[in-house]
Amino acid sequence: MSKISIFHLVFFLGVLVGCGGKVNPGDVSKEKPKLFPDYVDVTIPSTIAPLNFKAQGDYSAIDAVFEGKAGKSIRVQDSKEICIPASDWSELLEATKGDSLKVTVSVKQHDRWKQYASFRIHVSETPIDYGLVYRLIAPGYEVYSKMGIYQRNLSTFDQSPVVENTLIPGSCVNCHSFKLTDPKNMNFHVRGKKGGTILITDGKMNALMTKTDKTMSNFVYPFWHPSGNYLAYSVNNTHQVFHEEKGKRVEVGDVASDVVVYDVKKNEALGTKLLMQDSIFETFPSFSPDGKSLYFCRAAHKKMPDKYNEVRYNLCRIAFNPENGSFGDKIDTLFNATAINKSVTFPRPSPDGKYIMFTLVDYGNFSIWHKEADLYLLDLKTGQTRCIDEVNSDNTESYHSWSSNSRWFVFSSRRIDGLYTRPFIAYLDENGKARKPFLLPQANTDYYDQLLYSFNIPEFVSGKVEVDPNQVDQLLDSGIKKVTFKQ
Amino acid sequence: MKYFSLDKLFSLVFGLVVFWFFAFLYPFHLNYQEQYQMFLFSVDYFRSFFAKPGGISDYTGNFFTQFYFYSWVGAIIIAVSLVLLQRAVWFISRKLEAKSVFFPLSAIPSLMYWGLLCDENYLLGGLIALLWVAGFITTYSILKSAKIRMLFVWISIPVLFWMAGGAFLLLLLFAFVYEILKRESKIAELSVWFVISAILSYAIPTLCKSLFLQYPLREVWIGTNYFRFPVNIPISVGIIVVSVVVIPFALYYLSKFIRKDNSKTLIAGQLIVIVLGGYFLISHSADMSKEEVMAYDFNCRMRRWDQIIAMADKKTPTTPLSVTCLNLALAKEDLLGERMFNYFQKGIGGLMPDFVRDYTIPMIAGEVYYHLGFVNTAQRYAFEAMEALPDYQKSSRAIMRLAETNIINGNYAVAEKYLHLLQKTFYYKHWANNALATMKDEKLIAQHPEWGTLRKYRTQEDFLFSEGEKEMMLGVLFKQARTNRIAFEYLMACTLLTKDLKHFLQYFPLSESLNYRAIPKSYQEALYYAWVTTNKDGSRDIPYPISNGVKQRFQLFQKMPGQANTPSYKNDYSDTYWYYLYFVN
């Protein structure tokens, strides 16, 4: 007997026992259901894990029918939530690629079934990467408890740790990044008494001590050069202050910051005066896909923390020569945010070189604590910038990352409860128009409600990340290399 | 009375004494422990413990620790656990054919563990781990066939490692000595068994570490959180753990030296040693000054302001944290201005303690900020205190505060998240259900005696928290809600405690909006002092209604020569602001 038949048998038995035959809606609503997570009319890749959901409000049973192409369908019924059998789901999506699923949800309230208007789930033909890597950390202030960098297979619900801070008690792990989405080329920092930057190049791991006598701090925000020979980093002297007004909590800002480029082969930090000016804050570097430009955020220096709300960053560019690691001699402003009293953070160029996606806030650079933070898209061909209304919400949208084919992006948003950051994935069509994003699906629909961690820095990866935590520990103990500086 | 019943009577008396100690002498240590964990009746919570060696002991320990909310229940749990350990040690000893006369010495491991539990950072999970091990050793000692015993050890090594962490080695140690003593197996057989057991014991933790456990090797070997700080395991734990095996064998050997199994002198001698040794150990392990701070804190958490003041009336608190609780209680009872100098005061460290990255001080300081109306700071302190827990636990008390502060701030979605978690607890479920019901109706929140008031008190204008400018922050807060009497009294207390009379005089007129029936005593003292010292010619009358009693006392105070510590000064004036102004540095 095939898996589908077994499932259908179990389903029908369930229906017979629980509902006395079949679902026969007494009321048909013209409204679409309100679901958690909200999967109504979203666009998904065909390899995504089942979109399990529950309906909002009280009910004693819920029923959902997923109808795809070629007459294939799945029907699920439960007292609490819709948990779709993984194999049926996978087959249904494969069969419906390039088309959409029709989903009909009914709920049983006071012994009567109410059927909602059907909605669509669009199944894109465009593939998505293997998985996501993110840090799970409580959205706190100065102190941190258990945290870690984790990977998640997008086709299943499997999550596994890459590195956890329990490995080195009292430490913090942060700022993971990949060369595009390559799991064999990865970077992250371990902060604490036994700390350092872990750099994995083509699967080989090194631990670096990145503070030099010419730079103000260890390396902070990273971005890989497409060649893998360089990484751009900011160096930041960061401080925090705390709001007393109810709508705000924390303000994180730089007292000073610069941008440097790390030469992997020479173990050398390269700097230029243009990116290390005392009168300027430079941060959030990222390389263009051709590797010849370095994008970054740039703001006029202000006295901190007194004038924290007057710091505004523009999106800028400087030429970079990957042949010899030299920088251009002028800085271009790509998006003048200060002209509209706004500030740019996290410029992330799409791998196809068409766009730069960034976050826009009222001031400063720590957008995750800014409720007004929204995602924007700069079309590098036309120079036009637009707010991505299709994906933004009334709450924070902050960190974002592109898939390797530039057609999906993942971003962190606080739209669910205003505090705990959750990863949303959205499709961007060939015209640069984004579709309604969907929340990373979980096996249990209460997962996000019960989780006291935020999803921090979600990054796509094209395969499973293999990091040996014991090697991390050993290298930080006795194999750390000191980075030198060259200007 | 037969000796088998005497040993049971001994266990019973031992248990009752332990219960009495924790229920009546040391109850607030149990309340303190309970607040720094949040046992959830959920599969995910269990999984989070099951994923680590020794986690099952920690899970079981946390399960029981949740009942410490009522300290007498906690006292029963500890008493029963320690008696179980004593009975297990005695049972094992008897299996080794120890003479029944030695039953009092079987209490040594329990007695020592009792001493450990006097330290708030020793967790029940450690004792549970020891009980698991004692249980396995007991089972082993019951088995009659040597081969089954050996097989049992092999099976137990991974199971016990996962349940109790590195303490599983005790079983191996016991079995090894036991088999040598029993001589039921051939030497070669025994050697092979031991080598395989040793390899298994070494390989399993090491493999777990290298394959999937992201903890330091030392922590993997120890497993259970005996101590709240997993990186530090005091040597005393090791001694106690080993004593569970050593005591039975010691009693076995001691039994060889005595002929009579009913020597009353020997029993009496042991009892004297146990009682005196126990008294010495527990009296040196118990920290009654910490117990006092914890009592203040618990009453503060429970909003038992009158009990705090009653405690202070019996014995004036002297530690900054207990003084912090007392000052808050006085403010909540509208007595801060009137009576603050009736008690020991020493600067604003006992009024609004500075933030420290630990789990105790922010929790207590957060209470002050909460009741003042600094809702964001109260929220931050609760969050930070919880995150600072070195054993990565979550705190039920902190989660409650996070829920409350989010309700006050109108962040209902976040509040709901915390309340859903509390709904999975045993004690806080009811509170969470009520809070969820209240949250659905804005009117109910407005009418809530605490949340409604704090909503009015909290700042409407944004400003940044500044540890060094507490006075300024209090001023801003009070300026926005002129009925926030606590904020005003804290503002005045700040100026008095920092001996800043200039600002005291500047802020005092703000009290007009609070409609005091009479000027609080401390304020009268400060006003009168300021007036007398600045108007020395006495040509003008003081523009404040100062009582004659205050005036007369000040005149006597001025005339009195002597040192601050002379009995006359202390007796007569230590309750005045003047005494604080002159003699407290």
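Residues numbered from 1 in each chain as written. Chains lettered and ligands numbered in written order. Predicted model: local features only at pLDDT ≥ 70, side-chain atom pairs only at ≥ 80, totals over all residues. Heavy atoms only, no water.

1. Concerning a nonpolar patch on the surface
Residues and elements named next belong to chain B. Together, L9, L12, V13, L16, V17, W20, F24, L25 and M288 make up a nonpolar patch on the protein surface, roughly 850 Å² of accessible area in all. Here the nonpolar patch gets eight residues from one element, more than from any other, and that element is helix 1 (residues 3-25). Looking at the element boundaries, F24 is found in helix 1. Exposure remark for F24: the relative accessible area of 57% places this residue in the exposed category. (Patch = residues over 30% accessible without salt bridge, like charges linked within 9 Å, V, L, I, M, F, W, Y side chains within 5 Å. Areas by Shrake-Rupley, 256 points an atom, 1.4 Å probe, with all protein chains shown as cover. Salt bridge = Lys/Arg side-chain N within 4 Å of Asp/Glu carboxyl O. Helix = DSSP H or I, 4+ residues; strand = E, 2+ residues; numbered from the N terminus. Buried < 20%, exposed > 50% of the residue type's maximum accessible area, 1.4 Å probe, protein only.)

2. A closer look at the packing of helix 5 (residues 71-95) of chain B against helix 6 (residues 108-117) of chain B
All names here are of chain B. At a minimum axis separation of 8 Å, helix 5 and helix 6 run at an interaxial angle of 150°. One finds that helix 5 runs roughly antiparallel with respect to helix 6. Judged by the twist between their axes, the crossing of helix 5 over helix 6 is right-handed. Residue-level contacts link I78, L82, L85, Q86 and V89 of helix 5 to P109, S110, Y113, W114 and L117 of helix 6. (Axes fitted to C-alpha atoms, helices over the stretch in contact; angles between N-to-C directions. Parallel < 35°, antiparallel > 145°, perpendicular 65-115°, else oblique. Left-handed = near helix turned anticlockwise from the far one by under 90°. Contact = heavy atoms within 4.5 Å.)

3. Here we look at the layout of surface pockets
All names here are of chain A. Here the second largest pocket defines a volume of roughly 1,200 Å³. Around the second largest pocket, the lining is made up of 40 residues, and of these R135, C172, N174, V252 and F366 lie nearest the centre. Split into classes, the residues belonging to the lining of the second largest pocket amount to 20 nonpolar, 15 polar and five charged. (1 Å grid on protein atoms, 1.4 Å probe; cavity = no way out; pocket = protein on both sides within 12 Å on 5 of 7 lines; lining within 4 Å. Points joined across faces, edges and corners; volume = space filled by probe spheres on them. Nonpolar A, V, L, I, M, F, W, Y, C, P; charged D, E, K, R; others polar.)

4. A few points about empty space enclosed by the protein
Residues and elements named next belong to chain B. Across all of its chains, the model carries seven cavities of 30 Å³ or more by this definition. As a volume, the largest cavity reaches approximately 140 Å³. Contributing to the lining of the largest cavity are 14 residues, with Q37, N62, T65, L123 and D391 lying nearest its centre. The set of elements that each furnish at least two residues to the lining of the largest cavity consists of helix 4 (55-65) and helix 7 (124-142). Class assignment for the residues of the lining of the largest cavity results in three nonpolar, eight polar and three charged. Roughly 120 Å³ of volume is contained in the second largest cavity.

5. Re the nonpolar core
Residues and elements named next belong to chain B. Counting residues in hydrophobic clusters, the biggest one holds 125 residues, and the most contacted among them are M352, L372, Y418 and Y490. The leading source of residues in this core is helix 26 (residues 485-497), at ten residues. Non-local contacts of M352, meaning those with residues more than four positions away in its chain, are made with V368, Y369, L372, F374, K470, L474, Y490 and C494. Of all hydrophobic cores here, the second largest spans 87 residues; its members include F10, M150, Y215 and Y252. (Core = buried A, V, L, I, M, F, W, Y, C linked by side-chain atoms within 4.5 Å.)

6. Looking at the side chain of S201(B)
Tracing the sequence through the fold places S201(B) in helix 10 (residues 187-211). Once residues lying within four places of it in the same chain are set aside, the contact partners of S201(B) are I157(B), F168(B), L169(B), L172(B) and W221(B).

7. Considering the sheet that holds strand 14 (residues 182-191) of chain A
All names here are of chain A. Spatially, the five strands line up as an open sheet ordered 13-14-15-16-34, and their pairing is mixed. Every other strand in the sheet has two partners, leaving strand 13 (172-179) and strand 34 (480-482) as the edge strands with one partner each. Across this sheet, the average inter-strand angle for adjacent strands is 30°, counted without regard to direction. Alignment of strand 15 (residues 196-201) against strand 16 (residues 204-209), held across five bridges, turns out to be antiparallel. Of the residues in strand 16, the one forming a bridge with I198 is A207. Of the strands in this sheet, strand 14, strand 15, strand 16 and strand 34 are in contact with helix 4 (residues 469-478), which crosses strand 16 at around 40°. (Pairing = 2+ DSSP bridges.)

8. Let's talk about the interface of chain B and chain A
Between chain B and chain A, the residue contacts involve 42 residues of the former and 39 residues of the latter. In terms of surface lost to chain A, no three residues of chain B exceed Q214(B), Y392(B) and K417(B), which account for 21% of the buried area on that side. Counting every contact that joins chain B to chain A gives one salt bridge. Taken together, the links from chain B to chain A amount to 26 residue pairs in polar contact (both at pLDDT 80 or more). Of all the elements in the fold, those that place two or more residues in the side of chain B that touches chain A are helix 10, helix 19 (375-387), helix 20 (396-408) and helix 21 (412-422) of chain B. Grouping the constituent residues of the side of chain B that touches chain A by class yields 18 nonpolar, eleven polar and 13 charged. (Buried area = accessible area lost by both parts, 1.4 Å probe. Polar contact = N/O pair within 3.5 Å; in protein donor to acceptor, adjacent residues only side chain to side chain.)

9. A look at the domain arrangement of chain B
All names here are of chain B. Split by domain assignment, chain B resolves into domain 1 (3-284), domain 2 (289-457) and domain 3 (521-585). Using only C-alpha atoms to locate each centre, domain 2 and domain 3 end up separated by 35 Å. The interface of domain 2 with domain 3 comprises nine residues on the first partner and ten residues on the second. Together, the buried faces of domain 2 and domain 3 total about 760 Å²; carbon and sulfur atoms form 52% of this surface. A per-residue breakdown of the area domain 2 buries against domain 3 is headed by G337, E338 and F341, which together make up 66% of the total. Linking domain 2 with domain 3 are zero salt bridges. One can count three residue pairs in polar contact (both at pLDDT 80 or more) joining domain 2 with domain 3. A class-by-class count of the residues in the side of domain 2 that touches domain 3 yields three nonpolar, four polar and two charged. (Domains from an automatic or database assignment.)

10. Focus on the packing of aromatic side chains
Under the counting rule described, the total for this entry stands at 99 aromatic pairs over all chains. Between Y355(A) and W402(A) the ring centres are 6.3 Å apart and the planes differ by 10°, which places this aromatic pair in the stacked class. In this pair, Y355(A) sits in strand 26 (residues 355-361) while W402(A) sits in strand 29 (residues 397-402), placing the two residues 47 residues apart along the sequence. Side by side, Y355(A) and W402(A) carry an identical accessibility label, which is buried. Here R415(A) stacks its cationic end above the ring of F424(A), 4.6 Å away from the centre of that ring. Between K394(B) and the ring centre of Y453(A), over which it is positioned, the NZ or CZ distance is 6.0 Å. (Phe/Tyr/Trp six-rings, centres within 6.5 Å; stacked < 30°, edge-to-face > 60°. Lys NZ or Arg CZ within 6 Å of the ring centre and 35° of its normal.)

11. Re the pairing of strand 13 of chain A
Residue and element names in this part refer to chain A. Among the eight residues of strand 13, seven are classified as buried, and the element is accordingly described as predominantly covered. As paired strands, strand 13 and strand 14 are joined by six bridges and run antiparallel to one another. Considered in strand 14, the bridge of N174 is made with H189. Once strand 13 ends, the chain turns through two residues before running back antiparallel as strand 14, passing L180 with a positive phi of about 55°.

12. Some details on the pattern of salt bridges
Scanning the entire structure with this criterion turns up 41 salt bridges over all chains. In this structure, the salt-bridge partner of D446(A) is K54(A), at a minimum N-O distance of 2.5 Å. With D446(A) in the loop between strand 32 (438-439) and helix 3 (447-450) and K54(A) in strand 4 (residues 54-55), the pair connects residues that are 392 residues apart, well separated along the chain. Among the residues examined, D446(A) registers a relative accessible area of 14% and is labelled buried. The shortest N-O distance in the salt bridge between D575(B) and R553(B) comes to 2.8 Å. Of this pair, D575(B) sits in the loop between helix 30 (567-573) and helix 31 (577-583) while R553(B) is found in helix 29 (residues 548-559), placing the two residues 22 residues apart along the sequence. Taking the relative accessible area as the measure of exposure, D575(B) reaches 21% and is therefore partly exposed.

13. Observations regarding the environment of F91(B)
Residues and elements named next belong to chain B. On the secondary structure map, F91 appears in helix 5. The exposure class assigned to F91 is partly exposed, which follows from its relative accessible area of 33%. In contact with F91, not counting residues within four places along its chain, are T138, S141 and I142.

14. Some remarks on helix 26 of chain B
Residue and element names in this part refer to chain B. With 13 residues, helix 26 should reach 18 Å at 1.5 Å per residue; the first-to-last C-alpha distance of 18 Å fits that figure. Where burial is concerned, most of helix 26 is hidden: twelve out of the 13 residues are buried. Every buried residue of helix 26 is accounted for by I486, A487, F488, E489, Y490, L491, M492, A493, C494, T495, L496 and L497. (Expected span 1.5 Å × (residues − 1).)

15. Some remarks on helix 28 (residues 521-534) of chain B
Residue and element names in this part refer to chain B. Compared with the 20 Å implied by 1.5 Å per residue over 14 residues, the 20 Å span of helix 28 between its first and last C-alpha is a close match. Extensive coverage of helix 28 is indicated by the burial of eleven of its 14 residues. For helix 28, the full list of buried residues reads K521, S522, Y523, Q524, E525, A526, L527, Y528, Y529, A530 and W531. Buried-residue contacts for helix 28 involve helix 17 (336-339), helix 26, helix 27 (501-507), helix 29 and helix 31.

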